[in-house]
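Close look at the chain arrangement
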Amino acid sequence: MERLQKVLAEAGVASRRKCEELITAGRVQVNDEVVTVLGVKVNPASDTIKVDGRLIKQQKKVYVIFNKPKGVITSASDPEGRKTVTEFFKDIKERIYPIGRLDYDTEGLLLLTNDGDFAHLLTHPKHHVPRTYLATVKGTPHGTLLDKLREGVQLEDGMTAPAEVEYHDIDPDKKETVVRITIYEGRNRQVRRMFEAIGFPVIKLRRIQFGPLALTGVPRGKYRHLNKDEIKDLIKSAQEAGKADVKSHNIQKGE
Ligand code: URA
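Definitions and cut-offs
Residues numbered from 1 in each chain as written. Predicted model: local features only at pLDDT ≥ 70, side-chain atom pairs only at ≥ 80, totals over all residues. Heavy atoms only, no water. pLDDT = per-residue confidence, 0-100. Contact = heavy atoms within 4.5 Å. Near = heavy atom within 4 Å. Polar contact = N/O pair within 3.5 Å; in protein donor to acceptor, adjacent residues only side chain to side chain. Areas by Shrake-Rupley, 256 points an atom, 1.4 Å probe, with all protein chains shown as cover. Helix = DSSP H or I, 4+ residues; strand = E, 2+ residues; numbered from the N terminus. Nonpolar A, V, L, I, M, F, W, Y, C, P; charged D, E, K, R; others polar. Buried < 20%, exposed > 50% of the residue type's maximum accessible area, 1.4 Å probe, protein only. Core = buried A, V, L, I, M, F, W, Y, C linked by side-chain atoms within 4.5 Å. Domains from an automatic or database assignment. Salt bridge = Lys/Arg side-chain N within 4 Å of Asp/Glu carboxyl O. Phe/Tyr/Trp six-rings, centres within 6.5 Å; stacked < 30°, edge-to-face > 60°. Lys NZ or Arg CZ within 6 Å of the ring centre and 35° of its normal. Pairing = 2+ DSSP bridges.

1. With respect to the confidence of the model for the chain
Any residue range with low pLDDT should be treated as having predicted coordinates unsuitable for detailed reading. On average, the chain scores 91 in pLDDT, and the residues at 70 or more come to 95%. Between residues 246-255, whose pLDDT stays under 50, and residues either more than four places distant or in other chains, the model counts one contact.

2. Description of the site of the ligand
Near the ligand the following residues occur: Leu102, Asp103, Thr106, Tyr133, Arg189, Gln190, Val191, Arg192 and Leu205. Between the ligand and the protein, one listed contact pairs a nitrogen atom with a side-chain N or O atom of Asp103 at 2.7 Å. In the environment of the ligand, an oxygen atom lies 2.9 Å from a nitrogen or oxygen atom belonging to the backbone of Arg192. When the ligand is considered free in solution it has 240 Å² of accessible area, and contact with the protein chains removes 96% of it. With three residues, the single largest contributor to the shell around the ligand is helix H5 (residues 190-197). Across the shell around the ligand, the residue classes break down as four nonpolar, two polar and three charged.

3. A few points about the side chain of Thr132
Mapped onto the secondary structure, Thr132 falls in strand E10 (residues 131-138). Looking at Thr132, the relative accessible area reads 5%, which means it is buried. Those residues in contact with Thr132 that lie beyond four places of it in its chain are Arg180, Ile181, Thr182, Arg206, Arg207, Ile208 and Gln209.

4. So, the nonpolar core
Nonpolar side chains tend toward joint burial in soluble globular proteins. Core analysis: the largest hydrophobic core is formed by 32 residues, its most contacted members being Phe89, Leu112, Leu149, Ile181, Val191, Met194 and Phe195. For this core, the secondary-structure elements that each account for two or more residues are strand E7 (63-68), strand E9 (106-113), E10, helix H4 (143-151), strand E14 (176-183), H5 and strand E15 (202-210). Each of domain 2 (63-125 + 214-225) and domain 3 (131-213) gives at least three residues to this core. Residues contacting Val191, with those up to four places away along its chain left out, are Tyr133, Ala135, Ile181, Ile183, Val202 and Leu205. In this structure, Ile65, Leu111, Ala119 and Leu226 belong to the second largest nonpolar core, which totals 18 residues.

5. Observations regarding the pattern of salt bridges
Enumeration according to the criterion identifies 19 salt bridges in this entry. For the salt bridge of Lys60 with Glu94, the shortest nitrogen-to-oxygen distance reads 3.7 Å. In this pair, Lys60 sits in the loop between strand E6 (54-55) and E7 while Glu94 sits in the loop between E7 and strand E8 (97-98), placing the two residues 34 residues apart along the sequence. For Lys60, a relative accessible area of 55% translates into the label exposed. A relative accessible area of 9% means that Glu94 is categorised as buried. For Arg187, the salt bridge identified is with Glu185, shortest N-O distance 3.1 Å.

6. Notes on the packing of aromatic side chains
The full count for this structure, using the stated rule, is four aromatic pairs. Here the aromatic rings of Phe66 and Phe89 are separated by 4.9 Å at their centres, their planes lie at 70°, and the arrangement is edge-to-face. Of this pair, Phe66 sits in strand E7 while Phe89 sits in the loop between E7 and E8, placing them 23 residues apart in sequence. Here Phe66 matches Phe89 in class, with each residue buried. Relative to Tyr223, the ring of Phe89 has its centre 5.0 Å away and its plane inclined at 50°; by these criteria the two rings are tilted. Here Phe89, found in the loop between E7 and E8, pairs with Tyr223, found in strand E17 (residues 223-225); they are 134 residues apart in sequence, far enough to count as distant. Under the relative-accessibility criterion, Phe89 is labelled buried at 5%. A cation over a ring is seen here: Arg82 above Tyr104, with NZ or CZ 4.9 Å from the ring centre.

7. What about the sheet that holds strand E5 (residues 49-51)?
The four strands lie next to each other as E3-E2-E5-E6, forming an open sheet whose pairing is antiparallel. A strand with exactly one partner marks an edge of an open sheet, and here the two such strands are strand E3 (33-34) and E6. Pairing of strand E2 (residues 28-30) with E3, which is carried by two bridges, proceeds in the antiparallel orientation. Within E3, the residue paired with Gln29 across the bridge is Val34.

Structure, rendered in structure tokens:
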């Protein structure tokens with residue numbers, strides 16, 4: 001059994017929030033009875049669900065890896081009229097949405113799906129799915145500064161968790177350095193803020209890996225569907241990272 005608004009959203013009716021509004025407005029029927037309260041659970045396989053009298057059908061689940069160009073916003077619409085990721089998926093009829101976010105100016109690996117459970121699993125802070133970025137900065141930050149990033153830096157919203165950090169490419173004239181960084185959290189603008197904290201603002205940022213999945217063979221601005229093994233590996237890595245976290249938490253508590 002699943003929440004009605006989730007079933008509606010996954011059928012591509014609208015976003016989950018909009019679907020809640022449809023329910024409270026009395027536009028949704030389950031087995032020919034109008035439902036106006038939130039929290040009702042339904043069985044999408046056996047219940048008859050209608051919106052404005054029209055039967056809704058469950059969509060097939062879609063999972064894609066996209067190489068986001070810079071200058072594109074990671075949301076379905078933008079009040080400022082900027083280009084959005086949805087413009088790249090006009091040939092996918094299911095209503096897919098991004099798993100997490102990349103900044104307007106960040107490029108690289110972005111996953112999209114219409115599977116709410118999958119998206120939730122991969123973005124839940126408890127699961128610490130690693131995300132790897134190539135960050136280009138002006139000049140060359142000294143090794144001791146990179147150590148700070150490895151140990152954790154103080155940001156407005158608290159200390160960052162330990163990160164993996166290494167030089168990826170150093171320009172012999174030391175004009176620019178590319179640093180490879182893996183973080184286990186998904187806070188807003190986190191990588192940019194971490195580098196700002198050590199005095200080396202990022203001038204270019206590209207995500208190259210998400211959990212076990214690398215961004216190889218997907219040209220900029222293009223996407224491909226994930227295969228079954230890739231989907232399974234992503235699920236497994238999130239579940240295992242979550243379990244490892246529970247264990248270390250219990251050890252700390254002496255259990
Ligand atoms: N960290 C950032 O600073 N920006 C992103 O887009 C992703 C991670």
